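# Architecture at a glance
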Amino acid sequence: MLELYHHGSSVCAAKARFAIMEKGVEWTGHYIDILKGDQFDPEYVKLNPKAVVPTLVHNGNVVIESTVICEYIDDAFPQNPLKPDDPYARAQMRLWLKRIDDYVHPTCGELTFCSCHRHIIGRLGPAGVEKFLEGTPGVSVTPEWRKRKRQLVEQGFDAPGVADKVRLHIENIEKADADLEQREWLVGDAFSLADIALTPYLNRLDMLGMDGIWKGRLPHLQAWWDRIRAMPNFVPCFLDYCPRDLTSDLKTFGTQSWPEVRKIVGI
């Protein structure tokens, strides 16, 4: 039995869902509302000490970290392989997975909290916000995520170092455009875990109303994004699982923040 603890807008949870769906594996979902603090429930923290999503449970075995989960799923179920056969292409795939874990994911977190999530969390009221911030483990998305998340929630784009993180995020998006210049997929000649890993981050920017980062600027990435969105599992995986109110909040707050992001990036 395959169980996934996930959230509708979490980029990491979406990555795991995408891999499971592309493998054609049956699964059961457990929804964790990370914007209300469900991830801090002691029973969930027993499964995932970082208090983040996703968490995979397969036949009683617990697997955490979205990149590890995706590789585990591909290893555990042989149908529809998501890794290139060629060793060099497989190495390039893993370099993209590392780039996303090391750079794209933490910078996406900063951009998302500054532009949108700080406003959603603010609805919890002063006591609720404090409870939410204090519930974060000392080591989570980054080694100092508890302290950093407080800065992002309280200061938004005025938090120290945010502009540098936003620029780093966009630099890695532009790297994808360069890699796609000569091929349809990020590595090798077929869709792989590298494409699965990048997709949630383009979707996050799109849902924030920030597709101007690539639209009219990065043609190879635009063509890739069009191919991704045409895949049968895209809408069920990324759009259908995101609650309507959260979809609306992402677009509303993201659109309001877009001028600030454009100013930072210089586009």
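The following paragraphs examine the structure supplied in this document. (Residues numbered from 1 in each chain as written. Predicted model: local features only at pLDDT ≥ 70, side-chain atom pairs only at ≥ 80, totals over all residues. Heavy atoms only, no water.)

### Regarding the environment of Ala176
- Relative to the elements of secondary structure, Ala176 occurs in helix H7 (residues 162-179).
- The sequence separation of Ala176 and Leu218 amounts to 42 residues, and the corresponding C-alpha distance is 9.2 Å.
- The contacts of Ala176, once residues within four sequence positions are left out, are Trp96, Leu186, Leu198 and Leu221. (Helix = DSSP H or I, 4+ residues; strand = E, 2+ residues; numbered from the N terminus. Contact = heavy atoms within 4.5 Å.)

### Observations concerning the pairing of strand E3 (residues 55-58)
- Side-chain alternation along E3 places Thr55 and Val57 on one buried face and Leu56 and His58 on a second face that is also buried.
- Sheet topology places E3 next to strand E4 (residues 61-64); four bridges connect them, and they run antiparallel. Within E4, the residue paired with His58 across the bridge is Asn61.
- Taking the residues between adjacent antiparallel strands as the criterion, E3 and E4 are bridged by two residues, where Asn59 takes a positive phi near 50°. (Buried < 20%, exposed > 50% of the residue type's maximum accessible area, 1.4 Å probe, protein only. Pairing = 2+ DSSP bridges.)

### Thoughts on the packing of aromatic side chains
- Summed over all chains, the structure comprises ten aromatic pairs.
- Ring plane angle 45° and centroid distance 5.9 Å describe the contact between Trp27 and Tyr241, whose orientation is recorded as tilted. Here the residue Trp27 occupies a position in the loop between helix H1 (11-23) and strand E2 (28-31), and Tyr241 occupies one in the loop between helix H10 (234-239) and helix H11 (244-265), the gap between them amounting to 214 residues.
- The partly exposed category is assigned to Tyr241, whose relative accessible area is 31%.
- Relative to Phe191, the ring of Trp185 has its centre 5.4 Å away and its plane inclined at 85°; by these criteria the two rings are edge-to-face. (Phe/Tyr/Trp six-rings, centres within 6.5 Å; stacked < 30°, edge-to-face > 60°.)

### So, the environment of Ile20
- Tracing the backbone shows Ile20 in helix H1.
- Linking Ile20 and Ile69, residues 49 residues apart in sequence, is a C-alpha distance of 9.5 Å.
- If we skip the residues at most four places from it in the chain, Ile20 touches Leu2, Leu4, Val25, Trp27, Leu56 and Ile73.

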